[in-house]
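Fold and contact review
Okay, here's what each chain looks like letter by letter:
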Amino acid sequence: MEYLKFVLYGLIQGLTEFIPVSSTAHLKIISLFLGIDDPGASLSATIQLGSVLAIAWYFRNDIFNFRSQSSNNFLEYLLHERLLRSILIGTIPIVLLGGFIKIFIPSFFENVLRSNLSIALVSFLMAFFMYLADSTKRGSINIKNHNYSNSFLIGFFQAFAIFPGVSRSGVTISSALISGWERGDAAKFSFLLGMPAISLAAIVEFISSFNDFFALGFFPLFVGLITTFLSSLLAIDFLLKYFSSNGLKIFIIYRVIFGVVILLNT
């Protein structure tokens with residue numbers, strides 16, 4: 001039974017980290033509705049690493065396929081280098097905001113911002129923001145022709161994912177669409193941008209709850225990690241294929257329903 005709980009945590013984290021519905025909100029709300037423990041910081045940190053590994057594996061050619069600087073591959077090499085810089089630039093806002101809150105307002109997210117009411121209201125706000133994004137005309141910015149200001153703007157919106165219920169993938173994909181990105185590359189850049197952000201969040205949570213980590217046990221954590229990795233791969237593949245043709249409509253409707261269900265049970 002204990003292992004089934006960790007499988008459930010892994011499924012929730014993996015499926016909702018990349019589908020724009022907020023993994024933090026679902027881990028908290030579903031755990032509450034099913035009457036099981038909140039996964040806590042140490043477990044959250046571990047299973048988040050499963051999502052990072054899934055991004056790295058799915059986009060391994062984009063991340064690790066360094067080309068030689070020969071005449072035939074030089075343009076591809078430059079594109080690869082620029083993409084890495086864009087990801088680093090886009091990560092700056094969330095690092096600054098997260099670091100500021102962690103150092104100067106350590107209790108910022110306790111109580112009000114993690115309440116069911118807050119998560120429901122944020123879900124409604126995100127549904128509206130995603131609706132605006134989905135209603136914009138098709139853009140022309142992509143991985144190849146974007147500039148650093150484009151990546152910084154998406155990174156600025158990514159910083160709002162610190163608030164429970166926002167959804168990192170939802171806010172980054174939506175902000176990319178509003179600023180003129182193509183659908184497919186908006187999702188792809190959102191996932192790649194998530195690697196350092198999710199990794200840093202996991203590291204911070206792990207350090208802050210280091211003593212609790214060993215109490216969970218190796219094998220349950222491993223089960224949660226593997227489940228997260230596999231379900232994350234499914235979520236990434238699904239969203240990239242579905243979103244390019246269908247947009248965000250189904251996720252907008254889901255976010256409204258999710259918010260209503262929370263309010264009715266608050």
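Residues numbered from 1 in each chain as written. Predicted model: local features only at pLDDT ≥ 70, side-chain atom pairs only at ≥ 80, totals over all residues. Heavy atoms only, no water.

The name given to the protein in an unreviewed UniProt entry is Undecaprenyl-diphosphatase, and the organism recorded there is Prochlorococcus marinus str. XMU1401. Taken verbatim from the UniProt record of the protein, the Catalytic activity (unreviewed entry) comment is "di-trans,octa-cis-undecaprenyl diphosphate + H2O = di-trans,octa-cis-undecaprenyl phosphate + phosphate + H(+)". (UniProt positions renumbered as here; feature names shortened; annotations may be inferred.)

Moving on, we get to the packing of helix 6 (residues 116–135) against helix 12 (residues 249–264). Two quantities define a packed helix pair, namely the angle between the axes and the distance from one axis to the other. Two elements in contact, helix 6 and helix 12, have axes whose closest approach is 8 Å; the angle formed by their N-to-C orientations is 160 degrees. Between helix 6 and helix 12, the angle is such that the two are roughly antiparallel. Crossing geometry of helix 6 relative to helix 12 is assigned as left-handed. Contact residues: Asn116, Leu117, Ile119, Ala120, Ser123, Phe124, Met126, Ala127, Met130, Tyr131 and Asp134 in helix 6; Lys249, Phe251, Ile252, Arg255, Val256, Phe258, Gly259, Val260, Ile262 and Leu263 in helix 12. (Axes fitted to C-alpha atoms, helices over the stretch in contact; angles between N-to-C directions. Helix = DSSP H or I, 4+ residues; strand = E, 2+ residues; numbered from the N terminus. Parallel < 35°, antiparallel > 145°, perpendicular 65-115°, else oblique. Left-handed = near helix turned anticlockwise from the far one by under 90°. Contact = heavy atoms within 4.5 Å.)

A word on a nonpolar patch on the surface. A cluster of nonpolar side chains, contributed by Leu32, Phe33, Leu34, Ile253, Ile257 and Val261, occupies part of the molecular surface with about 550 Å² of accessible area. For the nonpolar patch, the elements supplying multiple residues, two or more each, are helix 2 (23–34) and helix 12. Within the element layout of this structure, Phe33 appears in helix 2. Overall, the relative accessible area of 42% leaves Phe33 in the partly exposed class. (Patch = residues over 30% accessible without salt bridge, like charges linked within 9 Å, V, L, I, M, F, W, Y side chains within 5 Å. Areas by Shrake-Rupley, 256 points an atom, 1.4 Å probe, with all protein chains shown as cover. Salt bridge = Lys/Arg side-chain N within 4 Å of Asp/Glu carboxyl O. Buried < 20%, exposed > 50% of the residue type's maximum accessible area, 1.4 Å probe, protein only.)

What follows is about the side chain of Ser22. Inspection of the secondary structure puts Ser22 in the loop between helix 1 (2–18) and helix 2. If sequence neighbours within four positions are ignored, Ser22 has contacts with Thr16, Gly165, Val166, Ser167 and Arg255.

The next subject is unusual backbone geometry. A negative phi angle characterises most non-glycine residues, just as the trans form characterises most peptide bonds. In this model, Ser22 sits at a positive phi of 80 degrees, which is unusual for a non-glycine residue. The residue Ser167 is not glycine, and still its phi comes out positive at about 85 degrees. Within the fold, Ser167 resides in the loop between helix 7 (148–158) and helix 8 (168–178).

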